[in-house]
Amino acid sequence: MDLRDLRRIHPYLWEIPAGYREDMRIPCRIFASKEMLEEIVKDRSLEQLVNVSALPGMQKAAYVMPDVHEGYGFPIGGVAAAAWPDGVISPGGIGYDINCGVRLLKTELSHQELQPHLRRLGERLYMAVPSGVGKSGFIKLSKEHLDKVLEKGVPWLADMGYGGEEDIDCIESRGCLENGDPSAVSSHAKGRGIDQLGTLGAGNHFVEIDRITHIYDQETASAFGLFEGQVVIQIHTGSRGLGHQVATDHIKVLLGAMRKYGITVPDRELACAPLTSPEGKEYAGAMAAAANFAWANRQAITFFIRKTWHEVLGDQGGHLSLLYDVAHNIAKVEEHRGEDGVRRKMAVHRKGATRAFGPGHPEVTPRYRNFGQPVIIPGSMGTASYVLAGTESSMELAFGSCCHGAGRQMSRHAAKRAVRGERVRDDLHQQGIQVYSGSMAGLAEEAPMAYKDVDAVVDVVEAAGIAKKVAKLRPILVIKG
DNA sequence: ATGTCC
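Residues numbered from 1 in each chain as written. Chains lettered and ligands numbered in written order. Predicted model: local features only at pLDDT ≥ 70, side-chain atom pairs only at ≥ 80, totals over all residues. Heavy atoms only, no water.

Engineer: Before we move on, could you go through the sheet that holds strand E1 (residues 7–10) and cite the residues and values that matter?
Structural biologist: The mixed open sheet is built from seven strands, whose spatial order is E1-E2-E3-E4-E5-E13-E12. Here the strands that pair on one side only, and so sit at the sheet edges, are E1 and strand E12 (329–337). Adjacent strand axes in the sheet meet at a mean angle of 25°, parallel and antiparallel pairs treated alike. Against the sheet, helix H15 (residues 454–464) touches strand E3 (28–31) and strand E4 (62–69), its axis set at about 150° to E4. (Pairing = 2+ DSSP bridges. Helix = DSSP H or I, 4+ residues; strand = E, 2+ residues; numbered from the N terminus. Axes fitted to C-alpha atoms, helices over the stretch in contact; angles between N-to-C directions. Contact = heavy atoms within 4.5 Å.)

And the structure:
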């Protein structure tokens, strides 16, 4: 993509007009500073965005966030909405890690209070939350109970003793998409997932203990229960092997089904089917089931973190309450205004993008409704993370969405060539950050240098008006696959 | 992201 093909709408919003390529149905919009855009045009992410704008039923505009980079079919950091019921659903717009997401637990302790216990806590947490590719967990589910997880998500797991109503209330969609369909999930996918509840996985997934170093918005922070110096815990993981297999299985089916519906796409990786077709509904049901599994996974990890926390800290530890749990790889049917200003149902695909509903939205729990939905933005290892709040203007500017993290700027391969894992670990230790990881190669792939500057990414989404800063976090201890 | 190639 050439910078000259882009029109500047605002200082932090750019557009590729719908006439740029013949098959575009809607324009493409990019949230970025000029400096970021100069980097973004270097990979294929904007070509991929233009491809997305050509899918049947696309509404208003296809968006990318400042943390955008190339992905499978759709760019990571992308948001696109297909009209209900005439549009399509595309697994490439959701990603292989269905409902990859982040939750944040609030502690009642300050950094100083935790410090004497940190080493023991890190060692114990590393044992309590199994990490690494293919690792299994401590929960033994029967096939019948796995189906319950796939169908009912966190509310079922909470009934089994792994959480409470106050957790459910602070999860996007209350931890359950109602169309979760266990019968659309292959036995192969179920076999991969059955022993993986309560496991972290690998790659950029982590459990991280942070401290709040800055409050930007005192009123919202108080409503969210956040204060300066507070220790908080982030959990970043998804649907593990189960979600990956669901994506693999259904992409194959959809590739074969497109001809039947007369759909042509500019890239095979955009395989899709009409939302109301049997194949589209089957994928949507399987995706929802995998999403429910991912929420249940983050809930199970929360259970084991709470258990470990209390074992190490006793009564002094206090309660670990959930701030919020956000999905950043998911498609959901929501109501939004189209380009004509008329509200209609759409299947909003967010791939490496976070829902950021504004104040007053009925989908946001009453406890936060006056302030906007909490949005959790994890940085790369060793860098800051943020808690943001959704804004009213995000609803109009980007279907109520914002960025999801720092965003890669270096491939995994390039990162491994550039730095050794031992060096990354030692550098983090120098900064006072404890690292527990079973894979030095994994640490190299996730080195801070492999990621964009999260501070700059968050500054752009705030300046563009799609989220506002509430709190800044700095890492203390990180557990990785 | 992923039992990182059936």
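Read on, since the account is not over.
Engineer: Account for the environment of Gly-164, naming residues and giving values.
Structural biologist: Checked against the element boundaries, Gly-164 lands in the loop between helix H5 (143–162) and helix H6 (165–168). Considering only alpha carbons, one finds Gly-164 and Val-460, 296 residues apart in sequence, at a separation of 36 Å.

Engineer: How would you summarise the UniProt feature "binding site: Mn(2+) 1" (unreviewed entry) in chain A if you had to cite specific residues and measurements?
Structural biologist: Using the residue numbers shown here, the UniProt feature "binding site: Mn(2+) 1" (unreviewed entry) corresponds to Asp-97 and His-205. Spanning 109 residues, the annotated positions come together in the fold, the maximum distance between their C-alpha atoms being 10.9 Å. Relative to the assigned elements, Asp-97 resides in the loop between strand E6 (88–89) and strand E7 (101–110). Aside from chain neighbours lying at most four places away, what touches Asp-97 is His-205, Gly-238, Ser-239, Arg-240 and Asn-329. Tracing the backbone through its elements, the reader meets His-205 in the loop between helix H7 (187–193) and strand E8 (206–215). When neighbours within four sequence positions are excluded, His-205 is seen to be in contact with Asp-97, Cys-100, Leu-200, His-236, Thr-237, Gly-238, Ile-479, Lys-480 and Gly-481. (UniProt positions renumbered as here; feature names shortened; annotations may be inferred.)

Engineer: So what's going on with the nonpolar core? Residues and values would help.
Structural biologist: Within the largest apolar cluster, 153 residues are counted, with the highest numbers of intra-cluster contacts made by Ile-30, Leu-46, Ile-209 and Ile-305. Sort the elements by how many residues they give to this core and helix H10 (residues 278–313) lands first, with 18 residues. Excluding residues within four positions of it along the chain, Ile-305 makes contact with Leu-105, Leu-125, Val-129, Val-207, Ile-233, Ile-235 and Leu-320. Judged by nonpolar contacts, the second largest core, of eleven residues, contains Val-424, Leu-443, Ala-444 and Val-478. (Core = buried A, V, L, I, M, F, W, Y, C linked by side-chain atoms within 4.5 Å. Buried < 20%, exposed > 50% of the residue type's maximum accessible area, 1.4 Å probe, protein only.)

Engineer: Run through the pattern of salt bridges, naming residues and quoting values.
Structural biologist: Enumeration according to the criterion identifies 35 salt bridges in this entry. Across the salt bridge formed by Arg-306 and Asp-167, the nearest N and O atoms sit 2.8 Å from each other. Linking Arg-306 in helix H10 with Asp-167 in helix H6, this pair joins segments that are 139 residues apart in sequence. Of the two residues examined, Arg-306 and Asp-167, each falls in the buried class. Across the pair Arg-420 and Glu-422 runs a salt bridge whose closest N-O atoms are separated by 3.6 Å. (Salt bridge = Lys/Arg side-chain N within 4 Å of Asp/Glu carboxyl O.)

Engineer: Go over the protein's contact with DNA strand B, please, and point to the residues and values.
Structural biologist: Around DNA strand B, a shell composed of 16 residues is seen, among which Arg-192, Gly-203, Asn-204, Arg-240 and Arg-412 lie nearest. Among all atoms of DNA strand B positioned within 4 Å of the protein, those belonging to sugar or phosphate total 63%. Here a phosphate oxygen of DNA strand B sits 3.3 Å away from a polar atom, N or O, in the side chain of Gln-196. Every element with two or more residues in the surface near DNA strand B is listed here: H7 and helix H9 (240–257). The greatest single-element share of the surface near DNA strand B, amounting to three residues, is contributed by H9. (Near = heavy atom within 4 Å. Polar contact = N/O pair within 3.5 Å; in protein donor to acceptor, adjacent residues only side chain to side chain.)

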